[in-house]
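# Residue-level structural notes
Letter by letter, the chains look like this.
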Amino acid sequence: TEQGFTTYTCDLCGYSYQAKYEDALGHDYTDGICGTCGEADPDYEAPVEPPFTDVPAGAYYEAPVLWAVENGITSGVTADSFNPGGSCLRAQVVTFLWRAAGCPEPAITTSRFTDVKPTDFFFKPVLWAVEQKITSGVSATEFGSYANCNRAAVVTFLWRAAGSPEPTSTTNTFTVVKSAAFFYTPVLWAV
């Protein structure tokens, strides 16, 4: 790792001599260890083994799933299964958003929804989402906790969580996204 002369010493008689001048060889890292000197690479990050057997390498959702797990936003449905084709409930989607925001403590402490109780895992996430105007529930008294969250609702939650920004383009290429739909602007923004 350093330039200079190499000194060789005989183990039997102790005689020493210096060889010719050499430039620094540098490190030759393989899997985080230098093959020349055995030093560990301080910048090496061991590859993370995918924790889920149903999230194949190279799948379009592989990196987002691993990111979400690594950041404590979600976990699998079991220790080795994520269930990428499964449905998400409204309670789960709001919980993902709440965790992505850092699990902020909501200022409000009571729920106006009959289907959101203090013992529910999604109690604080729902209170926070209502407070942040990400959702207002499916009615004045129900959040719809156990209802499946369709793509329109998810993109609307994301858009509202981002502060309801105006889309930069008004081009709509989707025939099923009508201008009167509540999710029209969120979809344009997401695209």
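Look up a bit, the structure's there.
Because the structure is predicted, anything quoted here is derived from the model rather than measured.

## Here we look at the state of the cysteines
The tally for this structure, following the rule as stated, stands at zero disulfides. Considering cysteine sulfurs only, Cys10 is the nearest to Cys13, which forms no disulfide, with 3.6 Å between them. The class for Cys13 is exposed, based on a relative accessible area of 59%. Here Cys34 stays free of any disulfide, with the sulfur of Cys37 as its closest cysteine sulfur at 3.7 Å.

## A few points about the nonpolar core
One finds Val94, Val116, Val126, Trp128, Ile134, Phe143 and Phe157 to be the most contacted residues of the largest nonpolar core, which totals 18 residues. For this core, the elements supplying multiple residues, two or more each, are helix 2 (90-100), helix 3 (123-131) and helix 4 (151-161). Contact partners of Trp128, with chain neighbours within four places excluded, come to Leu97, Trp98, Ala101, Pro104, Pro106 and Ile134. Formed by seven residues, the second largest nonpolar core is a distinct cluster that contains Val177, Phe183, Val187 and Leu188.

## Quick word on the pattern of salt bridges
For the coordinates displayed, the defined rule picks out one salt bridge. Of the charged contacts, one joins Glu105 and Lys124 as a salt bridge, the two residues approaching to 3.0 Å between their closest N and O atoms. Here Glu105, found in the loop between helix 2 and helix 3, pairs with Lys124, found in helix 3; they are 19 residues apart in sequence, far enough to count as distant. With relative accessibility at 34%, the residue Lys124 sits in the partly exposed group.

## A short note on the packing of helix 2 against helix 3
At a minimum axis separation of 8 Å, helix 2 and helix 3 run at an interaxial angle of 80°. Taken together, the axes of helix 2 and helix 3 are roughly perpendicular relative to one another. Contact residues: Val94, Thr95, Leu97 and Trp98 in helix 2; Lys124, Pro125, Val126, Trp128 and Ala129 in helix 3.

## Considering unusual backbone geometry
At Asp31, a position not held by glycine, the phi torsion is positive, near 50°. Of note, Asp31 is situated in the loop between strand 3 (29-30) and strand 4 (33-34). Positive phi, normally seen in glycine, also occurs at Cys103, with a value near 55°. As for its position among the elements, Cys103 is in the loop between helix 2 and helix 3.

The rules behind these values
Residues numbered from 1 in each chain as written. Predicted model: local features only at pLDDT ≥ 70, side-chain atom pairs only at ≥ 80, totals over all residues. Heavy atoms only, no water. Disulfide = S-S within 2.5 Å. Buried < 20%, exposed > 50% of the residue type's maximum accessible area, 1.4 Å probe, protein only. Core = buried A, V, L, I, M, F, W, Y, C linked by side-chain atoms within 4.5 Å. Helix = DSSP H or I, 4+ residues; strand = E, 2+ residues; numbered from the N terminus. Contact = heavy atoms within 4.5 Å. Salt bridge = Lys/Arg side-chain N within 4 Å of Asp/Glu carboxyl O. Axes fitted to C-alpha atoms, helices over the stretch in contact; angles between N-to-C directions. Parallel < 35°, antiparallel > 145°, perpendicular 65-115°, else oblique.

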